[in-house]
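The primary structure of each chain is shown beneath.
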Amino acid sequence: MTEAIRLYWGRFGHVSVLNVASDFVTHAHVEAHLIIWLEGTAGEMTIGRETVRLGPGTAAGINSFQPHSHALSRDGRPGLFLAFYIDPDWARRRRDLPAGAPLFSTPAIALEPWLHQAAANLLDHLSDNESIDEVANYEIERFIDSVLDAADASAPAEPRIHLPSMLDFRVRKAIQLMKANVCERISFDDVARSVGLSRPHFFALFKEQTNLTPNVYWNTLRMEEAVRQLQWSREPLISVACNLGFTTQGNFSRFFRDHVGVPPTLYREAARAVS
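Residues numbered from 1 in each chain as written. Predicted model: local features only at pLDDT ≥ 70, side-chain atom pairs only at ≥ 80, totals over all residues. Heavy atoms only, no water.

Caption draft 1: Inspection of the environment of Tyr-85 at higher detail. With respect to the helices and strands, Tyr-85 occurs in strand β9 (residues 79-86). For Tyr-85 and Ser-64, which are 21 residues apart along the polypeptide, the C-alpha to C-alpha distance reads 9.5 Å. Excluding residues that lie within four positions of it along the chain, Tyr-85 makes contacts with Phe-12, Gly-13, His-14, Ser-16, His-29, Glu-31, Ala-32 and His-33. (Helix = DSSP H or I, 4+ residues; strand = E, 2+ residues; numbered from the N terminus. Contact = heavy atoms within 4.5 Å.)

Below is the structure:
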C-alpha cells in the first residue's frame, strides 16, 4: 500500500495532495470538503445518502459536518487526489451566502475538461513548491471559486436549502459537553442523562438535528484536536494518543488512518515540512 501526503495552508483553509489506497470510514469535518481525483484508483464516495463515483468529470463537494466515506481499490492500488479543507465562513463571504448556508446543494460536481486540467496544473505547481506564496494562494482561491461555480451549475433547480441555525437546547448542551471533554473518554449514556434524555431518544434527536450520530460527531471533534496536536505539539505520538483518551498508540493510529487516509506519523511529517 502506498501512502503519502503533502499539506499546504492558505487563507482558504488548507489543501492536501493525497496518494492513498486505504478506505475512509464514515466521518465528517468542521471544514467544507472538496475532493478531486487526479489519477490511479478513484473509488466511490458515500456522502449523506448519495453515492458519488469520482473521475475526471466528477468531483465531490461535502458540507461542514456532513457524513461521508470513501471506498477505494480492493487490490491495494492507490489513487491520487487533491483534498481541499475549506473554511466555510471564508467561502460564504466570497459567495455572498448567509451564515449557516451550505456550500454544496448536491455532492456530485460536474467538471469540465479544462477544470480537471486546472487541477492537474495546480498539482504540478504544488509539487514544485514547499509552501504557498501569494501567487499560489490567489490561484488556489480562483480554482476553488471555479469549482464552486461548477457546483452551483450542477445543483438541482430547487432553491438552496439552509441548514437550521438553532439546534434543540439538549443537542446544544450535548455538543458543549463533547467539546469540553474532547481529550477524555466519553460515555454517551452519561451525556444522554446530562441532557435529560434516554440513550435511544438522545441518539434519535441528535441524528435528526445534525444528520450525524453522536459517535461520528464526537470523532469529528477528536480528529480536529488530533490534527491540532500533531501540527503544533512536539509531544511523542503515544502522548498525543493518551491525550485523546486512546489506550494504545496503535488504536490511535488506526483511528487516524481511517479518517485521514495516512498514519499520524506521515501527517505530522507533512505538517512539519511546511511549518
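Having seen the structure, we can now continue with the description.
Caption draft 2: A look at the pairing of strand β1 (residues 4-10). Bridge count between β1 and strand β2 (residues 13-20): seven bridges; the pairing is antiparallel. If you follow Gly-10 over to β2, its bridge partner there is Gly-13. Linking β1 to β2, which pair antiparallel, is a turn of two residues. (Pairing = 2+ DSSP bridges.)

Caption draft 3: Representation of the pairing of strand β8 (residues 68-71) in the model. Taken together, the two bridges between strand β3 (residues 24-27) and β8 define a ladder with antiparallel strand orientation. Considered in β8, the bridge of Phe-24 is made with His-70. Pairing analysis gives four bridges linking strand β5 (residues 44-47) to β8, with the strands arranged antiparallel. For Ile-47, the partnering residue across the bridge sits in β8 and is His-68.

Caption draft 4: Main features of the sheet that holds β5. The strand order across the open sheet built from four strands is β3-β8-β5-β6, with neighbouring strands paired in antiparallel fashion. Edge strands, defined here as strands with exactly one partner in the open sheet, are β3 and β6 (50-53). Across this sheet, the average inter-strand angle for adjacent strands is 20°, counted without regard to direction. (Axes fitted to C-alpha atoms, helices over the stretch in contact; angles between N-to-C directions.)

Caption draft 5: Quick peek at empty space enclosed by the protein. By the definition in use, this model includes two cavities of 30 Å³ or more. Reported here for the largest cavity is a volume of approximately 130 Å³. Those elements giving two or more residues to the lining of the largest cavity turn out to be β2, β3, β4 (32-40), β8, β9 and α9 (249-260). Top element by residues in the lining of the largest cavity is β9. It accounts for three residues. Its residues assigned to classes, the lining of the largest cavity shows ten nonpolar, six polar and no charged. (1 Å grid on protein atoms, 1.4 Å probe; cavity = no way out; pocket = protein on both sides within 12 Å on 5 of 7 lines; lining within 4 Å. Points joined across faces, edges and corners; volume = space filled by probe spheres on them. Nonpolar A, V, L, I, M, F, W, Y, C, P; charged D, E, K, R; others polar.)

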